[in-house]
Each structure stands twice: as structure tokens, then as C-alpha cells.
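Chain by chain, the residues:
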Amino acid sequence: MTKRVLITGAASGIGLEMARTFQAAGYRVHVCDASSESVSSLKARESGISASVADVGNPDDMQSVFQNIDQQLGAGATCSTLGPPLTYAP
């Protein structure tokens, strides 16, 4: 079974290190971050980690992220490094 994880606020700093750690442990990793610059930089550096721009404080952004990763990666774990608690019901 493929392990999957979404990490918020993860285009840099501790979130990025968490993403790298999960990837090294065999997880398929998707990160989101509010900074489009940081996401673009991550995509250029980290070929095995997918990423999208999203503000965890914006429910519409997060609904979109959850729907996209549910289709791409399937269900998995979520690590929120910042922002409010995340919920998603398909």
C-alpha cells in the first residue's frame, strides 16, 4: 500500500524538512504553501514532491487542495505546520 501525506506550509523551513523526511521514508508527498515564489522554488529543487499554492486560512483553497490530492494521491495523512485545524469530507 502506498503511503501518502499532505504537509501545509511546507515550501520551506521545517515543513520542507518534514516533506523530505516523509519522502525518504517512502511516502508520496504533496505540500501546499501560500507563497507562490516558495512553491515555484520547491518545484524546481524537489522533483519527487508535488506542490500547490494554497492559503490554509482560506477554506476554498484547502477544499481545492484536498480534492486535487485525493484524485492524484488518494487518501493519506495530513501534517499541518500552521493555520487552523484542517477538515475534508469528500
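In short, a report on the structure. (Residues numbered from 1 in each chain as written. Predicted model: local features only at pLDDT ≥ 70, side-chain atom pairs only at ≥ 80, totals over all residues. Heavy atoms only, no water.)

### As for the environment of valine 31
- Positionally, valine 31 belongs in strand β2 (residues 28–33).
- On the accessibility criterion, valine 31 (1% relative accessible area) is buried.
- Note: C-alpha distance between valine 31 and glycine 15 (16 residues apart in sequence) is 8.4 Å.
- Those residues in contact with valine 31 that sit more than four places away from it in its chain are Leu6, Ile7, Ala10, Ala19, Leu42, Ile49, Ser50, Ala51 and Ser52. (Helix = DSSP H or I, 4+ residues; strand = E, 2+ residues; numbered from the N terminus. Buried < 20%, exposed > 50% of the residue type's maximum accessible area, 1.4 Å probe, protein only. Contact = heavy atoms within 4.5 Å.)

### Points about the nonpolar core
- Counting residues in hydrophobic clusters, the biggest one holds twelve residues: Val5, Ile7, Ala10, Ala11, Leu16, Ala19, Val29, Val31, Val39, Leu42, Ile49 and Ala51.
- Contributions of two or more residues to this core are made by β1 (4–8), α1 (13–24), β2, α2 (36–45) and β3 (49–53).
- Not counting chain neighbours up to four residues away, the residues in contact with alanine 19 comprise Ile7, Val29, Val31 and Ile49.
- Core analysis: the next-biggest nonpolar cluster, separate from the first, contains nine residues, Cys32, Ala54, Met62 and Leu73 among them. (Core = buried A, V, L, I, M, F, W, Y, C linked by side-chain atoms within 4.5 Å.)

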